[in-house]
Amino acid sequence: MSGKLIENAIEALENSYAPYSGFNVAAAVLTDSGKIYTGVNVENSSYPAGICAECNAVAKAVSCGERKIISIAIVSRNTRAPKGGDGGYTSPCGICRQFLREFSDPKELKVIMAKSVDDYKEMTLEELLPLSFGPESLA
Ligand code: THU
């Protein structure tokens, strides 16, 4: 399944809108219903108004009624990199980690940081966001 998720993210990368940073990001999330939703970063001429790819993918899934993310694949392209436009293994920013936390079990959620379908690093959300604050913290 990680291969399919990465493929979906790579396909979505074409739609990333990043004219200001030149750093294109795309994410694909798999939900507990078995569906895949993609998202890209969408920058803005008023810089802080931009949104990350991961948040966008999660927001899309939640907007369609989904409430649980099982895994997420993230890919990127750095158009300003000296060679090849490689964005490296892109790990989710702090806000994206917290956004994912709301709709996942951090011990179970797989975060796949990919350069290609067969070159990726995988970590759980708990590893990326230890001692996290989530919905049950308010119970
Ligand atoms: N970006 C993401 O889309 N996800 C991340 O987790 C890290 C950063 C975007 C935001 C901005 O459009 C560009 O990458 C450079 O920071």
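In the block above lies the structure referred to throughout.
The following paragraphs examine the structure supplied in this document. Fair warning: this is a prediction, and the values are worked out from it, not measured in the lab.

1. Things to note about the site of the ligand
- Around the ligand lies a shell formed by Ser 21, Phe 23, Val 25, Asn 41, Glu 43, Cys 52, Ala 53, Glu 54, Ser 91, Pro 92 and Cys 93.
- Between an oxygen atom of the ligand and a side-chain N or O atom of Glu 54, the distance comes to 2.7 Å.
- In the complex, 75% of the free accessible area of the ligand, which totals 370 Å², lies under the protein chains.
- Here the ligand occupies the largest pocket.
- Its residues assigned to classes, the shell around the ligand comprises 6 nonpolar, 3 polar and 2 charged.

2. Digging into the sheet that holds strand β5 (residues 119–124)
- Read across the open sheet, the 5 strands follow the order β2-β1-β3-β4-β5; overall the sheet is mixed. The sheet is open, and its two edges are formed by β2 (36–40) and β5, each paired on a single side. The average angle at which neighbouring strand axes cross in this sheet is 20°, direction not considered.

3. Comments concerning helix α1 (residues 2–12)
- Those residues of α1 that fall on the buried side of the exposure criterion are Leu 5, Ile 6, Ala 9 and Ala 12. All buried residues of α1 fall inside an arc of 120° around its axis, so they share one side.
- In the core, the buried residues of α1 are packed alongside β1 (23–31), β2, β3 (69–78), β4 (110–116) and β5.

4. Some remarks on a nonpolar patch on the surface
- Nonpolar side chains collect at one region of the surface, where Tyr 17, Tyr 20, Val 42, Tyr 47 and Ile 51 lie side by side and expose about 480 Å² of accessible area between them.
- By secondary structure assignment, the location of Tyr 20 is in the loop between α1 and β1.

5. Quick look at the side chain of Arg 97
- Within the secondary structure, Arg 97 sits in helix α3 (residues 94–102).
- Side chain to side chain, Arg 97 and Ser 91 meet in a polar contact 3.1 Å long.
- Among the polar contacts made by the side chain of Arg 97, one reaches the main-chain carbonyl oxygen of Leu 128 at a distance of 2.9 Å.
- Those residues within four positions of Arg 97 in sequence are excluded, and the remaining contacts are Ser 91, Pro 92, Leu 125, Leu 128 and Leu 129.

6. Things to note about unusual backbone geometry
- Positioned with a positive phi, Leu 131 is a non-glycine residue whose angle comes to about 50°.
- Inspection of the secondary structure assignment puts Leu 131 in the segment after α4 (125–128).
- Under the relative-accessibility criterion, Leu 131 is labelled exposed at 89%.

7. Remarks on the pairing of β2
- For β2, the tally of buried residues reaches 4 of 5 residues, placing the bulk of the element in the interior.
- One ladder, built from 5 bridges, connects β1 with β2; its direction is antiparallel. Looking at the pairing, Leu 30 lines up with Ile 36 of β2.
- Linkage of β1 to β2, two consecutive antiparallel strands, is achieved through a turn of 4 residues, within which Gly 34 is found at a positive phi near 90°.

8. With respect to the nonpolar core
- In terms of nonpolar packing, the biggest core is built from 19 residues, with Val 29, Ile 72 and Val 111 touching the most fellow members.
- Mapped by element, the contributors of at least two residues to this core are β1, α2 (53–63), β3, β4 and α4.
- Element by element, the count of residues in this core is highest for α2, at 4 residues.

Reading guide: rules and limits
- Residues numbered from 1 in each chain as written.
- Predicted model: local features only at pLDDT ≥ 70, side-chain atom pairs only at ≥ 80, totals over all residues.
- Heavy atoms only, no water.
- Near = heavy atom within 4 Å.
- Polar contact = N/O pair within 3.5 Å; in protein donor to acceptor, adjacent residues only side chain to side chain.
- Areas by Shrake-Rupley, 256 points an atom, 1.4 Å probe, with all protein chains shown as cover.
- 1 Å grid on protein atoms, 1.4 Å probe; cavity = no way out; pocket = protein on both sides within 12 Å on 5 of 7 lines; lining within 4 Å.
- Sits in = over half its atoms within 2 Å of the grid points.
- Nonpolar A, V, L, I, M, F, W, Y, C, P; charged D, E, K, R; others polar.
- Pairing = 2+ DSSP bridges.
- Helix = DSSP H or I, 4+ residues; strand = E, 2+ residues; numbered from the N terminus.
- Axes fitted to C-alpha atoms, helices over the stretch in contact; angles between N-to-C directions.
- Buried < 20%, exposed > 50% of the residue type's maximum accessible area, 1.4 Å probe, protein only.
- Arc of directions from axis to C-beta.
- Contact = heavy atoms within 4.5 Å.
- Patch = residues over 30% accessible without salt bridge, like charges linked within 9 Å, V, L, I, M, F, W, Y side chains within 5 Å.
- Salt bridge = Lys/Arg side-chain N within 4 Å of Asp/Glu carboxyl O.
- Core = buried A, V, L, I, M, F, W, Y, C linked by side-chain atoms within 4.5 Å.

Nothing here speaks to function; it is geometry throughout.
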